[in-house]
Structure formats: structure tokens, C-alpha cells
Amino acid sequence: MKSAGPTPRNDLPLRHTVPNGLAVSLRDLRMTFPGQRGQPPVEVIAGIDLDVHVGEFVVLVGPSGCGKSTVLNILGGFQQASGGQIVVGGQPVHGPDPRRIFVFQENGVFPWLNVVDNIGFGLSKHSRAEREQLIAHYVEMVGLKGFEKAYPRELSGGMRQRVELARALAANPEIIWMDEPFGALDYLTRLKMRSDLVRIWQSERKTIVFVTHDIDEAVQLADRVVVLTPRPAKIAAIVPIDLPRPRDMDAPDYLHARDRIFEAMGNLALARGR
Ligand SMILES: Nc1ncnc2c1ncn2[C@@H]1O[C@H](COP(=O)(O)OP(=O)(O)O)[C@@H](O)[C@H]1O
Ligand SMILES: [Mg+2]
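Residues numbered from 1 in each chain as written. Chains lettered and ligands numbered in written order. Predicted model: local features only at pLDDT ≥ 70, side-chain atom pairs only at ≥ 80, totals over all residues.

K.L.:
I tried to follow the overall build of the protein chain on my own but got confused; where do I start?
P.N.:
Within the protein chain one finds eight helices and ten strands. In summary, the protein chain has a C-alpha radius of gyration of 19 Å against a globular reference of 19 Å for 274 residues, a match within 12%. Referenced to the eigenvectors of the C-alpha coordinate spread, the extents of the protein chain come out at roughly 60 × 45 × 40 Å. Partitioning the contacts of the protein chain with sequence separation of at least 6, the portion at a separation of at least 24 is 69%. (Helix = DSSP H or I, 4+ residues; strand = E, 2+ residues; numbered from the N terminus. Rg over C-alpha atoms; globule rule 2.2 N^0.38 Å. Contact = placed C-beta atoms within 7 Å.)

This is the structure in C-alpha cells:
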């Protein structure tokens, strides 16, 4: 019998046929929310230009409330920008698109479905045999073997996020939008989830745009870290992290990259404990 081990998928054609190799292209992205109850309008995004290459892992980092989720919601087609050009997969964004998938902080899984049925939820177009093979593949990849029949209420928060990640991957999206997906987990679980995500990304090579306020998380994961200013968000710096994975959090180059991000956020003294 053929093993369903975590080898890269090649069962579906690569759907990225964008000529310039860009998964995302933003030009002068702007967002202003109308003021509530007589308050003035709130400017949240003040002109962002950003390109994300197909297969790239880009992390947006910035202080809480700066507009990170808003950027992601606009990219995902859940909110309409006030201005600018938003091109995803070579086309302007008009609304949510099933070729791209969101992973949120929590409550993404269906509580009434067990692990296997959650992961298989979007796979109705596959034959039963294919579906079972894909589910087994991703169960193993995210480390949930032995929990196939468990329901979300029987799982820890970290395991529920594993289910969600597996479901996102099984649908074979072009892009995964991740909004602080590990934000509700304890520190050690977060560390483990990050290193697992790196391993999974290395084998699947999906385009990932990941939002966090955690600088270490950004340096551990990203090809490039996009540092946003406090609201209204602009790009303060883009820091390429040209370090082999998995990354050693004590290596001088790692600390240097981290310092550059702290510096861009205006917090270097804090980072050095001064
Ligand atoms: N639908 C909305 N209407 C009005 N203001 C909003 C709305 N969504 C977000 N905001 C405001 O926009 C700012 C940025 O929010 P958000 O993108 O969620 O920040 P972050 O994800 O960086 O913490 C916040 O000040 C928030 O209050
Ligand atoms: Mg947010």
C-alpha cells in the first residue's frame, strides 16, 4: 500500500499563472472607516505599497490596533478599501475567493465535526479515496495521528489550530492569510506551532501572508518582515530575513534581524532591556 506520508503535493496543477510572479500587489492601499456616532472618520491605512511573490512567506508586524487585520481583510476580500490598487493572483480583488484561505486566531474549526471531517470539509469535489488520502496526509503533516475521531472540544487550543491549518492546506489554496493564528496559545505551544509551520511551509511552498504583533514570531517565520507604523499604518521598514530555517533564536544574525525590526518600531532600547 502506498504510504500517505508528508511528501509535497503535485496532484493539482499550480494555479498561479500570474505573469509577473506576484501573488499580491498593493499600490497606495488606503482605508478610512466612517466615524461612529458623530465621531470623525478613522484613518487606518495611509498608503501601503507591497509586492508578495508566489511562494513567499511575508509577515506583517506592527503594534496592536495599527491596521494589520484590516490589511488582511482587504486582501481576503472581506473589506473594501477606500483607495488604491489591490491585485491578488494577478486580478483585482472584488470579494472572498475560495482559492485563498484565512486562518484566524481561534474558532475556525466546526465544533460539530471530528478532526477528519473538519479537514475534509472542503474536499467534496474529490473522490472518496482521494479525500481519505488527502486527509491522512494532512493529519500526519500537522501531527494529529491518533486524534482522527476526536471532536474540537476534546482537543487543546494548539491541536485545534493544527486542525485548522490542516483544513486550509487540504483545500490546496494558492495563498493562506494568517491573522495571529497562534495568538491565543501558551508560549511553548506557540514555539512548537511556529517551527511546525516552517516545516510545513517548506514542504508545501504556499504563499503565506501572516500577521502578528510578535517580533520573534516574525523573525522566525518570514522571508521578509513588513514593519508597520502605528495607526494609520504605513510601511516603516521591510526587513529581509535571509537566514536558513529552522532558525536559531540565539544566533547573532537572528538577533541582528530582530534588532532591525525593533528599531523600525522605535523600541530598540526596550529590546535590549535598557
Ligand atoms: N469596521 C470598523 N469600523 C471602524 N473602525 C474599525 C473597524 N475595523 C477596525 N477599526 C479600527 O481600525 C484600527 C485598526 O484595526 P485592526 O486592523 O483590527 O488592527 P490590528 O489588527 O493591527 O490590531 C483600530 O483602531 C480599529 O478600532
Ligand atoms: Mg488584528
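Picking up after the structure, the text goes on.
K.L.:
Even after reading the chapter, I still don't get helix α1 (residues 68-75), so can you show me in this structure?
P.N.:
Residue pairs three or four apart in sequence face the same way in an α-helix, which turns once every 3.6 residues. Taken across its eight residues, α1 has seven buried, putting it largely inside the fold. Positive phi shows up at G77, right after α1, with a value of about 80°. (Buried ≥ 20, exposed ≤ 12 C-beta atoms within 10 Å, placed from the backbone.)

K.L.:
What exactly am I supposed to notice about the environment of S69 here?
P.N.:
In this fold, S69 is placed in helix α1. Taking C-alpha positions, S69 is 26 Å from M249, a pair spaced 180 residues apart along the chain. If near-sequence neighbours (up to four positions away) are discounted, S69 is found in contact with D179 and V211.

K.L.:
Where do I start with the site of ligand 1 in this structure?
P.N.:
Neighbouring residues of ligand 1: F33, V42, V44, G62, S64, G65, C66, G67, K68, S69, T70 and R231. When residues of the shell around ligand 1 are traced back to their parent elements, those giving at least two are β2 (42-53) and α1. It is α1 that contributes the most residues to the shell around ligand 1, three residues altogether. Its residues assigned to classes, the shell around ligand 1 comprises four nonpolar, six polar and two charged. (Near = placed C-beta within 6 Å. Nonpolar A, V, L, I, M, F, W, Y, C, P; charged D, E, K, R; others polar.)

K.L.:
Looking at this model, I keep getting lost on unusual backbone geometry. Mind explaining?
P.N.:
Trans peptide bonds make up the majority, and among non-glycine residues the majority have a negative phi. In this model, R231 is joined to P232 through a cis peptide bond whose omega is -5°. Turning to its location among the elements, P232 is positioned in the loop between β9 (224-228) and β10 (235-240). Geometrically, the link from R245 to P246 is a cis peptide bond, its omega value of -5° lying close to zero. Position of P246 among the secondary structure elements: in the loop between β10 and α7 (252-264). Not every positive phi belongs to a glycine, and E180 is a case in point at roughly 45°. You can see E180 is positioned in the loop between β7 (175-179) and α5 (187-204). Look at R205: it is not a glycine, yet its phi comes out positive at around 55°. Within the secondary structure, R205 is located in the loop between α5 and β8 (207-212). Given 15 C-beta atoms within 10 Å, R205 falls into the partly exposed group.

K.L.:
Would you explain the sheet that holds strand β4 (residues 83-88) in this entry?
P.N.:
Strand pairing within a sheet occurs via backbone hydrogen bonds; the two strands may be parallel or antiparallel. The four strands lie next to each other as β2-β1-β4-β5, forming an open sheet whose pairing is antiparallel. Each edge of the open sheet carries a strand with a single partner, namely β2 and β5 (91-92). Pairing of β4 with β5, which is carried by two bridges, proceeds in the antiparallel orientation. Across the sheet, residue V88 finds its bridge partner in β5, namely Q91. (Pairing = 2+ DSSP bridges.)

K.L.:
I tried to follow the packing of helix α3 (residues 128-141) against helix α4 (residues 157-170) on my own but got confused; where do I start?
P.N.:
The angle between the axes and the distance between the axes are what describe a pair of packed helices. Running from N to C, α3 and α4 cross one another at 140°; their axes reach a closest spacing of 9 Å. Compared by their axis directions, α3 and α4 come out oblique. Of the two elements, α3 crosses α4, and the hand of that crossing is right-handed. Here α3 contributes L134, I135, Y138, V139 and M141 to the contact with α4, which in turn contributes A166, L169 and A170. Residues belonging to the contact of α3 with α4 are distributed by class as follows: eight nonpolar, no polar and no charged. (Axes fitted to C-alpha atoms, helices over the stretch in contact; angles between N-to-C directions. Parallel < 35°, antiparallel > 145°, perpendicular 65-115°, else oblique. Left-handed = near helix turned anticlockwise from the far one by under 90°.)

K.L.:
Please clarify how the pairing of β4 should be interpreted in this entry.
P.N.:
Every regular strand shows the same layout, with side chains that alternate between the two sheet faces. Bridging between strand β1 (residues 22-33) and β4 involves five bridges; their strand directions are antiparallel. Along β4, the bridge assignment pairs R30 with G83. Once β4 ends, the chain turns through two residues before running back antiparallel as β5, passing G89 with a positive phi of about 60°.

K.L.:
What am I meant to see in the environment of A168 here?
P.N.:
Assignment of secondary structure puts A168 in helix α4. Note on A168: 24 C-beta atoms within 10 Å, which makes it buried. Those residues in contact with A168, other than ones at most four positions away along the chain, are I101, V103, P173 and I176.

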